[in-house]
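Letter by letter, the chains look like this.
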Amino acid sequence: MRFRLLAQTLLSAGAALASPFAQLPSSSFPDTEVSTNVPFLFRRDHAGRFNFALDFNATPSNNVEVAFGSDLDADGVLQPRETALSFAWDCGQWILGRGPADPVLVSPSATNDVRKSVAWSLRLFRGATPRRLALSENGRPLFPELALEPPAGLFCGDWNLVRVTARGVDAPEESLSVVVQSDSFIFRLR
């Protein structure tokens, strides 16, 4: 089972900082669950976009979850009570959770493809407020009701940990990249 996490922070000058690739360890549990936690610096002055891309094999037995939050007890593990946003594939559907007080949103699969490529692009207003969400599976929209008016809680500059969890008997061959990009503008004078 392989897992790659590329966490990048793009600065307004265009430079990128990347963490090394990580690999999920083999599961030693009968339920096949395996997870990894990767520290990440989300804090960016004038953050303009929060993007991630998730690719994996969505077989009937597989479950893949990406969770973001703040490691409040500094133990290096993102616990359920520390999770602020989770996005998961489970039992043939997508599940989006934003915290214990908010309802969980569910969306059916947009395609019948076994290989899923998810693209999440959240445009931010003033560095923290969700403004527009483009979320797709293999190029087809997911959660279209959130596109123009995404709810609060889809991004927080104080998050410092990403947890990826995989379950299932089939190799998910998952990869994840996360990018927080600073706001910038182009001024052209003719």
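Up top is the structure.
Within each chain, residues carry numbers counting from 1 in the order of the written sequence. pLDDT decides what is reported in this predicted model: residues at 70 or higher carry local features, side-chain atom pairs at 80 or more are listed and counted, and totals for whole chains, interfaces and linings draw on all residues regardless. With hydrogens and water set aside, each side-chain value is computed from the structure's full complement of heavy atoms.

Engineer: Would you mind going over unusual backbone geometry with me for this structure?
Structural biologist: One can expect most non-glycine residues to show negative phi and most peptide bonds to be in trans. One non-glycine residue, cysteine 91, lies in the positive phi region at around 55 degrees. Here a helix means four or more residues in a row that DSSP labels H or I, a strand means two or more in a row labelled E, and each is numbered from the N terminus. Topologically, cysteine 91 is positioned in the loop between β6 (83–90) and β7 (93–97). Burial here depends on accessible area, computed with a 1.4 Å probe over protein chains only, as a share of the maximum for the residue type. Under 20% is buried, over 50% is exposed, and the range in between is partly exposed. When its relative accessible area of 66% is taken as the criterion, cysteine 91 is described as exposed. A positive phi is found at phenylalanine 143, a non-glycine position, where the angle reads about 45 degrees.

Engineer: What is the right way to read the environment of phenylalanine 125 from this model?
Structural biologist: Within the secondary structure layout, phenylalanine 125 lies in strand β9 (residues 115–125). In this structure phenylalanine 125 comes out as partly exposed when scored by relative accessible area, which is 38%. Taking the C-alpha atoms as reference points, phenylalanine 125 and glycine 48, 77 residues apart in sequence, are found 6.8 Å from one another.

Engineer: Explain the environment of proline 144 to me, please; I cannot follow it from the model alone.
Structural biologist: Tracing the backbone shows proline 144 in the loop between β11 (140–141) and β12 (161–167). Look at proline 144 and you get exposed, because its relative accessible area is 56%. Between the C-alpha atoms of proline 144 and alanine 134, which are 10 residues apart in sequence, the distance is 8.2 Å.

Engineer: Sorry, what's going on with the nonpolar core here?
Structural biologist: The nonpolar side chains of a soluble globular protein tend to be buried with one another. In this structure, Phe42, Phe50, Phe68, Phe87, Trp120 and Phe155 are the most contacted members of the largest nonpolar core, which totals 33 residues. Of all the secondary-structure elements, those providing two or more residues to this core are β4 (47–57), β5 (63–69), β6, β7, β9, β10 (129–137), β12 and β13 (174–182). Ranked by the residues each element gives to this core, the list is headed by β4, at 5 residues. The residues contacting phenylalanine 42, other than those within four sequence positions of it, are Phe50, Phe68, Phe155, Cys156, Gly157, Trp159, Asn160, Leu161, Val162, Val178 and Val180. Throughout, nonpolar core names a set of buried Ala, Val, Leu, Ile, Met, Phe, Trp, Tyr and Cys residues whose side chains join them through atoms within 4.5 Å. Contacts are residue-level and defined by heavy atoms, with any inter-residue pair within 4.5 Å sufficient.

Engineer: Help me out: how do you make sense of the pairing of β7 in this one?
Structural biologist: Each regular strand displays side chains that alternate between the two surfaces of the sheet. At least two DSSP bridges between two strands are required for those strands to pair. In terms of strand pairing, β6 meets β7 through 5 bridges, oriented antiparallel. Opposite phenylalanine 87, over in β7, you have leucine 96 as the bridge partner. Where β6 folds back on β7, the antiparallel hairpin that results is connected by 2 residues, among which cysteine 91 adopts a positive phi of roughly 55 degrees. Two elements, β7 and strand β8 (residues 105–108), share 4 bridges in a ladder whose sense is antiparallel. Looking across to β8, one finds that leucine 96 is bridged to leucine 105.

Engineer: Can you help me understand the packing of aromatic side chains in this one?
Structural biologist: Aromatic ring pairs are described here by two measures, namely the spacing of the ring centres and the angle between the planes. Only centres within 6.5 Å qualify two rings of Phe, Tyr or Trp (six-membered ring in Trp) as a pair; their planes then separate them into stacked at under 30 degrees, edge-to-face at over 60, and tilted for everything else. Under the criterion given, the structure shown has 15 aromatic pairs. Ring centres of phenylalanine 50 and phenylalanine 52 lie 6.1 Å apart, and the angle between their planes is 55 degrees; on these two criteria the pair is classed as tilted. Classification of phenylalanine 50 as buried rests on a relative accessible area of 0%. Taking 5.4 Å as the distance between ring centres and 45 degrees as the angle between the ring planes, the aromatic pair formed by phenylalanine 50 and phenylalanine 155 counts as tilted. Of the two residues, phenylalanine 50 is situated in strand β4 and phenylalanine 155 in the loop between β11 and β12; the sequence distance between them amounts to 105 residues. Per residue, the accessibility class of phenylalanine 50 equals that of phenylalanine 155, and both read buried. Here the aromatic residues Phe50, Phe52, Phe56, Phe68, Phe87, Trp89, Trp94, Trp120, Phe155 and Trp159 are joined through ring pairs into a cluster of three or more.

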